[in-house]
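Residues per chain, in single letters:
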Amino acid sequence: MRMRNFNIFYKHMLLVFAATCLPMAIIALSNYWIGIHQIKAETNRNHQLQMTKIVSSLEEQIARIEALGNQWSFHPLFSQQLVEGELQLKHNETRELLTSLRILQGAHPLIENVVLYIRNQDLLISEEEGINPIGNEQSKAIFSHLLENPTALFWWEDAAVPLKYKSTTQAAMVHKVQNENLEAYGALLFYLSKQQLDDLLYPLNPDGQGVAMIIKQNGELLTNGRARASEEAQLLNEALSREIVDRGLDSGDFMYKRDRISYSVSVGVFETNGWRYIVATPITKLMAPVILTLKLTLAVCLFSLLVAILVSWFTSRNIYRPIRHVVGLIREGSGSLTDNEGKNEFAYIEHRWRNLTKESKALQSSLEQSRLSLKEGFMRQWIQGHLAYLNEDELQDRLEGNGWMLRGKGFAILLVRLDDIAGTMGRFNKGDEQLAAFAAANIAEEIMSGAGTEAQVINFYDLSVAVLMAYEADCPKEQIKKQLFQLAEALIGELTRFLRMRVTVGVGKLVYRADSIHKSLEEARQVMRFRDMDKREQILDMENLLPHNASPVSYPFDMEEELLQCIRMGLEEEAVKKLRLFVDSLKPTRGRELLFRQGMMQLLGSILHALMKSGIDSGALYRGHNLYEQLGELTDPEEIQQWFETAIVGAFVRVMADNRNKRIEQIVDKVIDIISRRYSSAISLESCADEAGITSYNLSKAFKYHTGANFIDYLTNVRLDKAKELLRSSELKMSEIAERVGYQPTYFLRIFKKNEGITPGQYRIDYSSQGRDG
């Protein structure tokens, strides 16, 4: 055992070492090796986002300047009238013009100066210097050439300023001023401020150790921010320019390393004017504090690793002591360890623990199911009045034992009745009544839970569910009724939507004693008899149900007699049609289930009475089953009609039809006997029908059905067979033979030849010739 303990000790020590030391070592190495690259990538990404934001802001501001030029170029002040006459002599217009130029100059911080050029007078007008003529011809040609540009708005990268004022960027936005015919007669020149551009670029190179510059389309430097023009900066600019040329980049990002410093370089083009920007940020210097921190963290982790090894060794020496104690306690109740269990105490503890947990869960589940079943059974017995032997206090104690504190409270019942299970569009079928009731009970429980109402749902498993609610006894009755109707509407809505069945909710009377709740349930069941069977959703309140005014009851006696007649005659299809007409005629009473049931009960009694008069024992036919009880258990009008069609009309019609067929067969046999005995006399279908006690029409149909031939053809065949027998066996004359078989001689000759193809004499000769040959 000591050797085994010795092995477990080392196993535990290695386990503790792996749990305490290896994660720390992995984390330290990950922080150093992986963290550097991750932080570098994240720092670069953040810098790229900052640069993108600044570049987008700069491009947006340049676009605003262009929009400003578009807006002011159409100002009435810059109309064609401006060039008419000498502008120096128009003092008011000049003063207003200079004021507008001053407003334009201050409209955006990037605008350093705004100059208006008028070609026909060769004038340059600005707020700072007023109106100045262009002196030399070269400058005149330069400014005049601006108006030859095909676009109304463009950027002038070699902007000339023949004034005392000098632009700091040598770049201007030009917007031509045109007349109504779109002919340019001047231009607005917006010169950019280098200081403002530098301020925008400053966040991209705040310490001056990187590069942030903008280059015009002609390749000249527009600005390099606030960076000092040191030799090192110039060398970096040149090196970056060569690298960009070698890579052939118009736009993009790349990493550039120079003098052991890594730069994140971004190159892009402004969409508004085609200028390029180059930004290089020294990532290495940004990462220096982070790398130092990671190195210190790695050193601390290595030191902690040594400490963890010592702690693991010390902890492993003592970890087996409580384990051995626990194994001993478990072994006291389960006996000695087997060989497999003794090799690994942890596996033994786990195995025993799992068994105990499994047994505990099974016991808890069984107890919970038993408790719920007992509670459900108690609640069902209680509300149905099966616990009448208990007084009020005993009932309250039982309810408290089931977790329902109801002392000092009143009770209300909602009885939910489901019908028309066959009309649920495939949700349920016949025989799924318990499943539908279970689904309705679950839906009712969810609604009660969502409403926050103290309630219990009792499933009767017969398509009916009771919802028992408790409320404070001093709560106003009107408020309780309002809440009950709201819950009833919610129940009807959800049950109709999910189950697609006809739903009726009966509201029982409010009671204030636990031993009276069964009375409220019984009253709710009674109120169901007054439901409107044509409605799919309805709420019936026992307390508000008023008796119907006395009105004459319409019972279709004529249709009942027609239906009974069809049953007697065995006409099943006609009987079913008459039954449906009878049910439709009861529609005025279908709104009240009680009257409708009474009408159908009356019809059942009439059918049974008619069958009794016909000599049919309905009790023997149904093996003693009580048809009135079967009819009373049905609730849906369609189910009642279907039951009548199959169980009553169909069964009885088949019995009547069998009896009628036997009687008809006897009548046909009797008529055949009459023909065979009296074929030689005057006999007809009508005389035979009178003698048999049946109409000639029905006799003709029955005779055809049983013999396969109609009455006349059968009689003719019998007479001709007798005539042929006489022709073969006697020497009687044709007239005598005709009289003996019931024919006139002339008609006999004609009918014989029609059926046999030859005359009677020829038939006799042919038969005699065959006899001699034989």
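Structure first, text after, so check above.
One structure accompanies this document, and this report is about it. All values derive from a computational prediction rather than experimental measurement.

## Points about helix 14 (residues 557-569)
Next up, step 1: Compared with the 18 Å implied by 1.5 Å per residue over 13 residues, the 19 Å span of helix 14 between its first and last C-alpha is a close match.
Next up, step 2: All buried positions along helix 14 are accounted for by E560, L563, L564, C566 and I567. Across the axial projection of helix 14, the buried residues extend over an arc of 160°, all falling on one side.

## Overview of the nonpolar core
Next up, step 1: Grouped together as the largest cluster of nonpolar side chains are 36 residues, with contacts concentrated most on F78, L104, L116, L188, F190, I214 and W275.
Next up, step 2: Sort the elements by how many residues they give to this core and helix 2 (residues 22-73) lands first, with eight residues.
Next up, step 3: Beyond its immediate chain neighbours, meaning those up to four positions away, W275 contacts W155, E157, A171, L192, I214, I215, K216, Q217, L222, G268, V269 and F270.

## Considerations on the pattern of salt bridges
Next up, step 1: For the structure on display, the rule yields 18 salt bridges.
Next up, step 2: Of the charged contacts, one joins R380 and E376 as a salt bridge, the two residues approaching to 2.7 Å between their closest N and O atoms. With R380 and E376 both in helix 9 (residues 345-383) and four residues apart, the pair spans about one turn of that helix.
Next up, step 3: Here R407 ties to E400 by a salt bridge, and the two come within 2.6 Å at their closest N and O atoms.
Next up, step 4: For E400, a relative accessible area of 26% gives the class partly exposed.
Next up, step 5: One connected set of salt bridges, linked through shared partners, spans D393, D397, E400 and R407.

## Regarding the environment of N273
Next up, step 1: Tracing the sequence through the fold places N273 in the loop between strand 10 (261-269) and strand 11 (276-282).
Next up, step 2: Expressed as a C-alpha distance, the spacing of N273 and Q217, which sit 56 residues apart in the sequence, is 8.3 Å.
Next up, step 3: Setting aside chain neighbours within four positions, we find N273 in contact with I62, W155 and Q217.

## Observations concerning the pairing of strand 1 (residues 111-118)
Next up, step 1: Taking burial as the measure, the eight residues of strand 1 include eight buried ones, the bulk of the element.
Next up, step 2: Of the pairings in the sheet, the one linking strand 1 to strand 2 (residues 123-126) comprises four bridges and is antiparallel in character. By the bridge assignment, I118 is partnered in strand 2 with L123.
Next up, step 3: Counting the residues in the hairpin turn of strand 1 and strand 2 gives four residues, including D122, whose phi is positive at 50°.

## What to know about the packing of aromatic side chains
Next up, step 1: In this structure the tally under the stated criterion is 11 aromatic pairs.
Next up, step 2: Geometrically, the ring pair formed by F703 and F711 is edge-to-face, given 5.8 Å between the ring centres and 70° between the ring planes. In terms of burial, F703 and F711 fall into one category: buried.
Next up, step 3: Taken together through their ring pairs, the aromatic side chains of Y743, Y747, F748, F752 and Y763 make up a single cluster.
Next up, step 4: Above the ring of F460, the side-chain terminus of R525 is found at 4.9 Å from the ring centroid.

About the cut-offs
- Residue numbering note: each chain is counted from 1, following its sequence as written.
- The predicted origin of the model limits local features to residues at a pLDDT of at least 70 and limits the giving and counting of side-chain atom pairs to 80 or more, whereas totals for whole chains, interfaces and linings rest on all residues.
- Side-chain measures were taken over the full set of non-hydrogen atoms in the model, leaving aside hydrogen atoms and water.
- Helix and strand labels come from DSSP, where a helix needs a run of H or I of at least four residues and a strand needs a run of E of at least two; each type is numbered from the N terminus.
- By this rule the span expected of a helix is its residue count minus one, scaled by 1.5 Å.
- For each residue, the accessible area found with a 1.4 Å probe, counting protein chains only, is set against the maximum for its type, and the residue is called buried under 20%, exposed over 50%, and partly exposed in between.
- Each C-beta atom gives one direction from the helix axis, and the arc is the one those directions make.
- The term nonpolar core refers to a set of buried residues drawn from Ala, Val, Leu, Ile, Met, Phe, Trp, Tyr and Cys, joined through side-chain atoms within 4.5 Å.
- By the convention used here, residues are in contact when the closest approach between their heavy atoms is within 4.5 Å.
- When a carboxyl oxygen of Asp or Glu lies within 4 Å of a side-chain nitrogen of Lys or Arg, that pair is called a salt bridge.
- Think of it this way: DSSP has to see at least two bridges between two strands before they count as a pair.
- Ring geometry is summarised as follows: Phe, Tyr and Trp rings, the Trp one being its six-membered ring, pair when their centres sit within 6.5 Å, and such pairs are stacked at plane angles under 30 degrees, edge-to-face over 60 and tilted between the two.
- Ring-over charges, as used throughout, are those where CZ of Arg or NZ of Lys falls within 6 Å of the ring centre and within 35 degrees of the ring normal.

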